[in-house]
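Inside the fold
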Amino acid sequence: MIPRLQKGESPSLLDTDKANEIIDTINAITNSKGKNGIEIESDQNGGLTISIRGDAANPRSYEALEIIEVREDFIAVNPGTINNELITPVGGVDFSSSSNIQYLSVEVSINNDSEISSAELKVDGSPPESFKIEKDKAPGDFKVLIATITDLDHFQIRTGNLTASVKEQFQTPKETVDIGEYDHDIYYSWQVS
């Protein structure tokens, strides 16, 4: 909890009302319990941890993007981020249980500046394609496999918050080169950790 400021006391601000408004907002967020079992906690560095509230009889800490429970119509997933963007929907995703294998992925959309514009949990009947390789430019949208689901069972492939970056994969020499132009084509793809 951040203490409120007092006029004339140190630290001195001309507009204590505006500073106190910000402090009240931060305190409200850090004291929030969230909705539908979502819990928000702050760490000593001021960061927020968003997680699903555990069962009091069976307390357990879940990693980001770890599956908590698979029900007939819903997969409960601990919230996570990719490049500090919150993956939605927070708390899990609707789905229809099936004896066929299904794939839980994060579907990532990229804007024209090669930055993540959105990231959503999706359940599909086929696995995500491999990352595309693009010549002389950053690649576009991609999916990251999180888990496989069959009936009400799951196999977790990946947990934790994600970081995606564009990486050079290889170069090939150009047949002709203009003055001032680089003499190789560079091929890029996504690297996710």
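A short note on the nonpolar core
- Ranked by internal contacts, the top residues of the largest apolar core, which has 25 residues, are I75, I82, L104, V106 and F142.
- Counting residues per element, the ones that place at least two in this core are β3 (67-70), β4 (74-77), β8 (102-110), β9 (116-124), β11 (142-150) and β14 (184-192).
- A per-element tally of this core places β11 first, with five residues.

Structural notes on the sheet that holds β11
- Within the open sheet, the four strands sit side by side as β9-β8-β11-β12. Their pairing is antiparallel. The open sheet is flanked by β9 and β12 (153-156), the only strands paired with a single partner. Geometrically, the sheet is characterised by an average inter-axis angle of 25 degrees between neighbouring strands, direction not taken into account.
- Pairing geometry for β8 and β11, over seven bridges, is antiparallel. Its bridge partner being in β11, V108 is matched across the sheet by F142.

Some remarks on the pattern of salt bridges
- A full pass over the atoms with the stated rule returns eight salt bridges.
- When salt bridges with common partners are traced through the structure, they connect K135, K174, E181 and D185 into a single cluster.

Some points on unusual backbone geometry
- Following T88, the chain continues to P89 via a peptide bond in cis, the omega torsion being -10 degrees.
- Here P89 shows up in the loop between β6 (85-86) and β7 (92-94).
- Positive phi is not limited to glycine here, since L65 has a value of about 65 degrees.
- For L65, the location among the structural elements is in the loop between β2 (48-52) and β3.
- For L65, a relative accessible area of 0% translates into the label buried.
- The phi dihedral of N83 is positive, around 50 degrees, even though this residue is not glycine.

Re the sheet that holds β14
- Spatial strand order, β10-β14-β13: three strands in an open sheet with antiparallel pairing. Either end of the sheet is taken by a strand with one partner, and the two such strands are β10 (134-135) and β13 (164-173).
- Here β10 pairs with β14 via two bridges, running antiparallel. If you follow K135 over to β14, its bridge partner there is Y187.

Concerning a negative patch on the surface
- A cluster of like negative charges, contributed by E72, D73, D94, D151 and D153, occupies part of the molecular surface.
- For D151, the position within the fold is in the loop between β11 and β12.
- A residue is classified by how much of its surface remains accessible, and D151, at 38% relative accessible area, is partly exposed.

With respect to the environment of G92
- Position of G92 relative to the elements: it lies in strand β7.
- For the pair G92 and L121, spaced 29 residues apart in the sequence, the C-alpha separation amounts to 7.5 Å.
- Look past the residues within four positions of G92 in its chain and what remains in contact with it is F74, I75, A76, V77 and L121.

Brief notes about the packing of aromatic side chains
- In this structure the tally under the stated criterion is three aromatic pairs.
- Three or more aromatic residues joined by ring pairs make a cluster, and in this case those are F131, F142 and W190.

Concerning the pairing of β11
- One ladder, built from four bridges, connects β11 with β12; its direction is antiparallel. Paired with T150 across the strands is D153, a residue of β12.
- Counted along the chain from β11 to the antiparallel partner β12, the turn is two residues long, and its residue D151 has a positive phi close to 55 degrees.

Some words on the confidence of the model for the protein chain
- Here the protein chain averages 82 in pLDDT, while 74% of its residues score no lower than 70.
- When the elements of the protein chain are averaged for pLDDT, β2 gives the smallest value, 63, and β11 the largest, 94.

What counts and how
- Residues numbered from 1 in each chain as written.
- Predicted model: local features only at pLDDT ≥ 70, side-chain atom pairs only at ≥ 80, totals over all residues.
- Heavy atoms only, no water.
- Core = buried A, V, L, I, M, F, W, Y, C linked by side-chain atoms within 4.5 Å.
- Buried < 20%, exposed > 50% of the residue type's maximum accessible area, 1.4 Å probe, protein only.
- Helix = DSSP H or I, 4+ residues; strand = E, 2+ residues; numbered from the N terminus.
- Pairing = 2+ DSSP bridges.
- Axes fitted to C-alpha atoms, helices over the stretch in contact; angles between N-to-C directions.
- Salt bridge = Lys/Arg side-chain N within 4 Å of Asp/Glu carboxyl O.
- Patch = residues over 30% accessible without salt bridge, like charges linked within 9 Å, V, L, I, M, F, W, Y side chains within 5 Å.
- Areas by Shrake-Rupley, 256 points an atom, 1.4 Å probe, with all protein chains shown as cover.
- Lys, Arg positive; Asp, Glu negative; His and termini not counted.
- Charge placed at Lys NZ, Arg CZ, Asp CG, Glu CD.
- Contact = heavy atoms within 4.5 Å.
- Phe/Tyr/Trp six-rings, centres within 6.5 Å; stacked < 30°, edge-to-face > 60°.
- pLDDT = per-residue confidence, 0-100.

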